[in-house]
Amino acid sequence: IFSRALSMDIDTDYERPNVETIKCVVVGDNAVGKTRLICARACNATLTQYRLPRDVPTVWAIDQYRVCQEVVLERSRDVVDEVSVSRRVWDTFWRSSQEHRFSPSRSDVVVLCFSLANPNSLRHVRTMWFPEIKHFCPRTPIILVGCQLDLRYADLDAVNRARRPLAKPIKPTDILPPERGHEVAKELGIPYYETSIVAQFGVKDVFDNAIRAALISRRHLQFWKSHLKKVQRPLLQAPFLPPRPPRPIIGIPDPPPVDGEGPDSLFCQPLCADVLFLLQSSIRVFAHKVYLATSCSKFYDLFTLDLGGSCVVQQREEDENKENFESGEEDEQSRRGAKEQAGRTKSLDIDKDGVDGGVRGLNRPQLLQQGSLRTSQSDNALPSRAIYSVGALGTGRTLLGWGRGFLSVCLEHVDDPVTGRPRLMTVVAMDALIQEEPFKAVLQYLYTGSLDEGRGDLMQVATIAELLEVFDLRMMVANVLNRESFMNQEITKAFHVRRANRIKECLNKGTFADVVFRPDDGCLPAHKPLLISSCNWMAAMFRGSFMESYIEEVPIPNTSTACMRGVLEFLYSGLLTPCPGLEPMELIVLANRLCLPRLVALTEQHAADELLQLAVKGGDIDGQVLAYLDVAQFHNAKQLSAWCLHHICTNYNSICRKFPKDMKAMSSENQRHFEKHRWPPVWFLKEEDRYLRSQKEREREEEILRKQHTKRGWCFWRHPSS
């Protein structure tokens, strides 16, 4: 065995009066934490300045600490029970089982260490270390110390990953409970303490009580030293309460990549198209009103024109032929009005009467008008679907004086390009000068907000963009031609913000809606193109083979209007907007049905925030957490279920007292989780109970000793009562 002291001059303290020099030898198996324990006491800190790597050689550690004069000269002195003590701590190590012969000369106390994560080290305390200490130092007091207490509540997987590659992993079954150490200490008749260098628990207690044990042993031999009379027996150690585990953080996953029916692919394959553009009398281009109207004010004005059935197309053509023979002054005025119309930027606001009429039409239940939301001023209900479709079919008007590039607009039944079923569409005839590819580039920009800067027909794209009043696109083309493409990023960002606000406005007012969802307590207009591009579940439902793809109303049973509205707002904007009456668990159920994991995570975060706010205000959330747990586990809300399990584990005792039947009815998996992660843990409660009982027993013993001390007297002392 090799031993080296931490001080330079041992004999100097023997010459000082009333200063007791205590030689403390620390022994135990290899790699149980002896050197770290000594270093933590010497530095009186959490080893931030003198941090050691794992399993450092003992001699190296001692040499490092010999360099520090502060440790050697100042912190080696202490005061315990009003007795000045000069502490001399000796570390030990051994390389094999044949080299552990124990021969500490003149040791005053021995600190016998073992690891709480190594059962073999505790077994060696009983079979090897304690017999050798008693053999070589029969009168030396011994203190039993369990090191590495923090491993009792630590994440063992993380600890094993941080250990050396060839180190033996720590298993949960290797962790020793406190009663094992107390049993061995009671069997050997020595005090027992536990320490943690990471938590800085018990380090000072170990060495202070080791000094007390050494001073009491010295007091029996040197009874004339009066300053040792106040030294107490080694004190009891209060149990260590592990830190409260932090609440789980609910993370929000990134939006999934668009690999299905995104806006770009929806334009290439126009599923549920409701607009047909006729170019050069034969080229057909399908599109969607909601994408075009929310991206361009000109298209919004076009799709909200009054296409009432009072005049047929033939009559309107005759009127337009008569107008062609009017004076040139009126023609000049119409062109001036067209220029003024082209310079305006119209919002998505519609007339109040039109909104009211549209909402009343939805509540009937009817689908919103295919041609316009500006209904008549009367409060009469919309006609039935069959009558309305027949009356609306064939109605239209010319657009020669309305805007450049447009010829006429009308409503016709057109075969859907994807499903092949006839569908009522708005047919817009364009000027013959508008070519197909540049026009498609403009429409694609209105869908995606992006421009292919490598096109060879950018000038034609800019011309058509100016005709259609898509001024953002015209500016982007100008920036590309001027080699200032970096400025297009701000234009694209502003485009998406503006369109997101207009899309939300479409949801609120039902503009251009082509489907109605009917929950249990109302109805909500929606837009198939937006739903298809945001949700794979919706895309599959509206793709063709299901009944919902061609009906105007889709029932959503067992769902409230507030819940369905929350889903629609998420699909339109990508955000969760809590509203009054929204039940988080109901929204989680619906989002799980629709395969929307991001919405599930947002709702989990909203539910946890609501519970925290209620708890901060002093409300009782235990019953609500129990109700949330069952629903969350059943509907794949894993983050919320982990949050609920954490709350139950950290408030286990109080919840068991309030809801004993509900806790007993928990699944076996949850019961095992509670037993493993409950806080305070079971071992702490048992240790606390043992500590309180031992403290009462010691108080009774001290009371008996005080009574016996008061009855003592001198040989010739006479009691006053006698």
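As the structure is a computational prediction, the values presented were derived from the model and not from experiment.

Looking at the nonpolar core
Core analysis: the biggest nonpolar cluster contains 110 residues, and Phe277, Phe299, Leu302, Phe439, Phe517, Met538 and Phe542 have the highest contact counts within it. Each residue touching Phe517, except ones within four places of it in the same chain, is listed here: Gly522, Cys523, Leu524, Ala526, Leu531, Met538, Met541, Phe542, Val554, Ile556, Met564 and Leu568. Residues Ile22, Leu37, Val89 and Leu228 belong to the second largest nonpolar core, which totals 30 residues.

So, the pairing of strand 12 (residues 422-430)
By the criterion of burial, strand 12 is predominantly enclosed, with eight of the nine residues buried. Pairing analysis gives four bridges linking strand 8 (residues 275-279) to strand 12, with the strands arranged parallel. Following the sheet pairing, Phe277 is matched in strand 12 by Val428. The sheet contact formed by strand 11 (residues 406-415) and strand 12 spans nine bridges and is antiparallel. Paired with His413 across the two strands is Leu424, which belongs to strand 12. Linking strand 11 to strand 12, which pair antiparallel, is a turn of six residues; within it Gly420 sits at a positive phi near 85°.

A few points about the pattern of salt bridges
On inspection of all chains with the given rule, the structure shows 25 salt bridges. Linking Arg474 and Glu466 is a salt bridge whose minimum nitrogen-to-oxygen distance equals 3.7 Å. For Glu466, a relative accessible area of 37% puts it in the partly exposed group. Between Arg690 and Glu687 there is a salt bridge; the shortest N-O distance is 3.2 Å. Pair noted here: Arg690 and Glu687 are both in helix 29 (residues 682-710), with a separation of three residues, about one helical turn. Beyond isolated ion pairs, a larger network of salt bridges with shared partners links Glu20, Asp108, Arg218 and Lys225.

Topic: the packing of helix 23 (residues 597-616) against helix 24 (residues 622-634)
Interhelical geometry of helix 23 versus helix 24 gives an angle of 165° and a closest axis separation of 11 Å. For the element pair helix 23 / helix 24, the angle class is roughly antiparallel. Handedness of the crossing formed by helix 23 with helix 24: left-handed. Contact residues: Ala607, Leu611 and Leu614 in helix 23; Gln624, Val625 and Tyr628 in helix 24.

Focus on helix 16 (residues 458-467)
When we look at burial in helix 16, the residues that qualify are Leu458, Val461, Ala462, Ile464 and Ala465. What you see down the axis of helix 16 is that its buried residues fit within an arc of 165°, all on one side. On its buried face, helix 16 is in contact with helix 15 (436-448) and helix 17 (471-481). Looking at the residues trailing helix 16, positive phi occurs at Glu469, about 60°.

Side note on the environment of Ile249
Within the fold, Ile249 resides in the loop between helix 7 (203-221) and helix 8 (263-268). For Ile249 and Gln639, which are 390 residues apart along the polypeptide, the C-alpha to C-alpha distance reads 8.1 Å.

Side note on the sheet that holds strand 14 (residues 524-526)
Within the open sheet, the three strands sit side by side as 14-13-15. Their pairing is mixed. Where the open sheet ends on each side, the last strands, each with one partner, are strand 14 and strand 15 (553-555). Along the sheet, successive strands turn relative to each other by an average axial angle of 30°, direction set aside. Summarising the sheet, strand 13 (residues 515-518) and strand 15 pair through three bridges and their orientation is parallel. Bridge pairing in strand 15 places Val516 opposite Glu553. Its contacts with the sheet put helix 21 (residues 561-573) on strand 13 and strand 14, and the angle it makes with strand 14 is roughly 20°.

Focus on the environment of Pro119
Note on placement: Pro119 falls in helix 4 (residues 119-136). Note: C-alpha distance between Pro119 and Ile175 (56 residues apart in sequence) is 7.6 Å. Setting aside anything within four residues of it in sequence, one finds Pro119 in contact with Asp174 and Leu176.

With respect to helix 6 (residues 178-188)
Turning to helix 6, its buried residues number three or more, namely Pro178, Gly181, His182, Val184, Ala185 and Leu188. Seen end-on, helix 6 carries its buried residues on one side only, within an arc spanning 165°. Across from the buried face of helix 6, at angles greater than 90 degrees, the exposed residues are Glu183, Lys186 and Glu187.

Rules of the game
- Residues numbered from 1 in each chain as written.
- Predicted model: local features only at pLDDT ≥ 70, side-chain atom pairs only at ≥ 80, totals over all residues.
- Heavy atoms only, no water.
- Core = buried A, V, L, I, M, F, W, Y, C linked by side-chain atoms within 4.5 Å.
- Buried < 20%, exposed > 50% of the residue type's maximum accessible area, 1.4 Å probe, protein only.
- Contact = heavy atoms within 4.5 Å.
- Helix = DSSP H or I, 4+ residues; strand = E, 2+ residues; numbered from the N terminus.
- Pairing = 2+ DSSP bridges.
- Salt bridge = Lys/Arg side-chain N within 4 Å of Asp/Glu carboxyl O.
- Axes fitted to C-alpha atoms, helices over the stretch in contact; angles between N-to-C directions.
- Parallel < 35°, antiparallel > 145°, perpendicular 65-115°, else oblique.
- Left-handed = near helix turned anticlockwise from the far one by under 90°.
- Arc of directions from axis to C-beta.

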